[in-house]
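# Remarks on the overall topology
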Amino acid sequence: SVSAESMAPSANQDFVKLVIPKSQAQAERIKVSIGNNFLFRNLDEEQYLDVVNAMSEKRVPNQTTVIEQGGVGDYFYVVESGTLDCFIGEAKVTNYEAGGSFGELALMYNAPRAATIVTTSDSVLWALDRITFRTILMENTSRKRRMYEIFLSEVVLLKSLESYEQHKIADALESVYFEDGQEVVKQGDIGDQFYIIESGEAIVLKTNTDGVQHQVNQLERGSYFGELALLNDSPRAATVVAHGRLKCATLGKKAFTRLLGPVLDILKRNSENYHAIINQQS
Ligand code: 1OR
């Protein structure tokens, strides 16, 4: 029964594993589909196999409602191919393509479906039943969302985002540590990561045309860096060095583009201030 389920089922809880037989080709397609999905990271071999075994293939024609807002949550979905739109009421709030996933909320919180999801082209989806989702994937997901929740709510850049958008960012974040003096990014390098400082301080250094390195900024908890190279597809514009022990939450380029879309204008506007800072200092 629903009431007997806890929010975070214990790892050793008995559950009858669901096995839906698959061809080698299907297993291979699942692997590709979930390969870039953060919710499936950190599964051990057995958990991974349990997930693949339990998935069922759904071929869904264009313009099919896969999830209806207000409905009961039965499956979590991963997109192998095709495209889908997500609506809350009449408003389109997001869309999905290969590698994306949706439908976790109703399963996590025993809540009605929060949104409606409709295919906008013929699509192939992999559906994971609620019990396998709750037993294997949910613990990781909710732990990570909780872990970053307070931090993300304090990051000025992300304040304007809905809490669900912050949760999606939490899914994608990974924390990395740097020792005092360690270079996090290096001027001139190609960049593929975006950083938000969780704790500690960092110093921003820029080598100008005169060949001399100047300190141009100092960053603390809640500040971010590394966005310019991703925004402009340009080499790193400055070097960032840890000042004392530094902990950063990082997003890869793809996640950055996809998840920070709503604050792109703020990022661009803020980056225009860099010139002002540099001109002040020189
Ligand atoms: P679900 O099981 O409730 C609908 O089924 C799914 O739509 C939901 O899980 C999410 O996976 C997905 N708020 C709630 N659910 C959303 C949202 C969303 N976007 C996608 N889903 N918001 C839009 C954020 C861009 C927040 C609006 C306030």
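Not measured: the values here are computed from a predicted model.

A few words on the packing of aromatic side chains. Tallying each qualifying case throughout the model produces 8 aromatic pairs. A ring pair is formed by Tyr96 and Phe102, whose centres lie 5.0 Å apart and whose planes are at 40°; its orientation type is tilted. Note on Tyr96: relative accessible area 8%, which makes it buried. An aromatic cluster of at least three residues, connected via ring pairs, comprises Tyr75, Tyr77, Tyr96 and Phe102. Across from the ring centre of Tyr75, 4.9 Å away, lies the NZ or CZ of Lys58, which sits over that ring.

Here the focus is the pairing of strand E12 (residues 213-219). Of the pairings in the sheet, the one linking strand E11 (residues 193-207) to E12 comprises 6 bridges and is antiparallel in character. The residue of E12 that forms the bridge with Thr207 is Gln213. Two successive antiparallel strands, E11 and E12, enclose a turn made up of 5 residues, where Gly211 displays a positive phi of approximately 80°.

This brings us to the confidence of the model for the protein chain. Overall, the predicted model of the protein chain reaches an average pLDDT of 92, with 93% of residues at or above 70. Scored below 50 in pLDDT, residues 1-10 shows 18 contacts in the model against residues more than four places distant or in partner chains.

Of all the bends found along helix H4 (residues 130-154), the most pronounced is centred on Leu137 and spans about 55°. Measuring from the backbone nitrogen of Ile131 back to the side-chain oxygen at the start of H4 gives 3.2 Å, which picks out Asp129 as the cap.

Turning our eyes to something else, we now look at the side chain of Gln166. Of note, Gln166 is situated in helix H5 (residues 163-172). Relative accessible area serves as the criterion here: at 11%, Gln166 is assigned to the buried category. In contact with Gln166, not counting residues within four places along its chain, are Leu152, Ser153, Leu158, Lys159 and Leu161.

A few words now on the sheet that holds strand E1 (residues 56-60). What the 4 strands build is an open sheet, ordered E1-E8-E3-E6; its pairing is antiparallel. The sheet is open, and its two edges are formed by E1 and strand E6 (101-102), each paired on a single side. Relative to strand E8 (residues 123-129), strand E3 (residues 75-81) runs antiparallel, the two sharing 6 bridges. From the neighbouring strand, Val79 faces E8, where its bridge partner is Leu125. Here H4 sits on the sheet and contacts E3 and E8; the angle it forms with E8, its principal contact strand, is near 70°.

As a further point, take the site of the ligand. Neighbouring the ligand are 18 residues; Gly103, Glu104, Ala106, Arg113 and Ala114 lie closest to it. At 2.6 Å, a side-chain N or O of Arg113 approaches an oxygen atom of the ligand. In this structure, Ala114 approaches the ligand through a main-chain N or O atom, which is 2.7 Å from an oxygen atom. Only strand E4 (84-88), strand E5 (91-96), helix H3 (104-109) and H5 provide two or more residues apiece to the shell around the ligand. For the shell around the ligand, a count of residues per class yields 12 nonpolar, 2 polar and 4 charged.

You can read the domains of the protein chain as domain 1 (16-138) and domain 2 (173-281). Inter-centroid distance (C-alpha atoms) of domain 1 to domain 2 is 34 Å.

The next thing to look at is the packing of helix H2 (residues 45-54) against H4. Look at H2 against H4: their axes get within 10 Å of each other, and the N-to-C directions meet at 155°. Judged by the angle between their axes, H2 and H4 are roughly antiparallel. Crossing hand, H2 versus H4: left-handed. Along its contact with H2, which presents Gln47, Asp50, Val51 and Ala54, the element H4 presents Thr132, Ile136 and Leu137. Among the residues forming the contact of H2 with H4, the class breakdown is 4 nonpolar, 2 polar and 1 charged.

On to the pattern of salt bridges. As a working rule, side chains carrying opposite charge can pair if their charged atoms are close by. Scanning all chains against the criterion turns up 14 salt bridges. Between Glu80 and Arg29 there is a salt bridge, and its shortest N-O distance comes to 3.0 Å. A residue pair is termed long-range when its members are at least 10 positions apart, and Glu80 in strand E3 and Arg29 in helix H1 (residues 24-35) qualify at 51 residues. Measuring nitrogen to oxygen at the nearest pair gives 2.5 Å for the salt bridge that ties Arg221 to Glu154. A residue pair is termed long-range when its members are at least 10 positions apart, and Arg221 in the loop between E12 and strand E13 (224-225) and Glu154 in helix H4 qualify at 67 residues. Three or more residues are tied together by salt bridges with common partners; here these are Arg29, Glu57, Arg59 and Glu80.

At their nearest, the axes of H4 and H5 sit 8 Å apart, and the two run at 115° to each other. Handedness of the H4/H5 crossing: right-handed. Note on element contacts: H5 touches H4 through Tyr164, Gln166, His167, Lys168, Ile169, Ala170, Asp171 and Ala172, opposite Thr141, Lys144, Arg145, Tyr148, Glu149, Leu152 and Ser153. Within the contact of H4 with H5, the residues separate by chemical class into 6 nonpolar, 4 polar and 5 charged.

Parameters and conventions
Residues numbered from 1 in each chain as written. Predicted model: local features only at pLDDT ≥ 70, side-chain atom pairs only at ≥ 80, totals over all residues. Heavy atoms only, no water. Phe/Tyr/Trp six-rings, centres within 6.5 Å; stacked < 30°, edge-to-face > 60°. Buried < 20%, exposed > 50% of the residue type's maximum accessible area, 1.4 Å probe, protein only. Lys NZ or Arg CZ within 6 Å of the ring centre and 35° of its normal. Pairing = 2+ DSSP bridges. Helix = DSSP H or I, 4+ residues; strand = E, 2+ residues; numbered from the N terminus. pLDDT = per-residue confidence, 0-100. Contact = heavy atoms within 4.5 Å. Bend = angle between axes of the 7 residues up to and from the residue. Polar contact = N/O pair within 3.5 Å; in protein donor to acceptor, adjacent residues only side chain to side chain. Axes fitted to C-alpha atoms, helices over the stretch in contact; angles between N-to-C directions. Near = heavy atom within 4 Å. Nonpolar A, V, L, I, M, F, W, Y, C, P; charged D, E, K, R; others polar. Domains from an automatic or database assignment. Parallel < 35°, antiparallel > 145°, perpendicular 65-115°, else oblique. Left-handed = near helix turned anticlockwise from the far one by under 90°. Salt bridge = Lys/Arg side-chain N within 4 Å of Asp/Glu carboxyl O.

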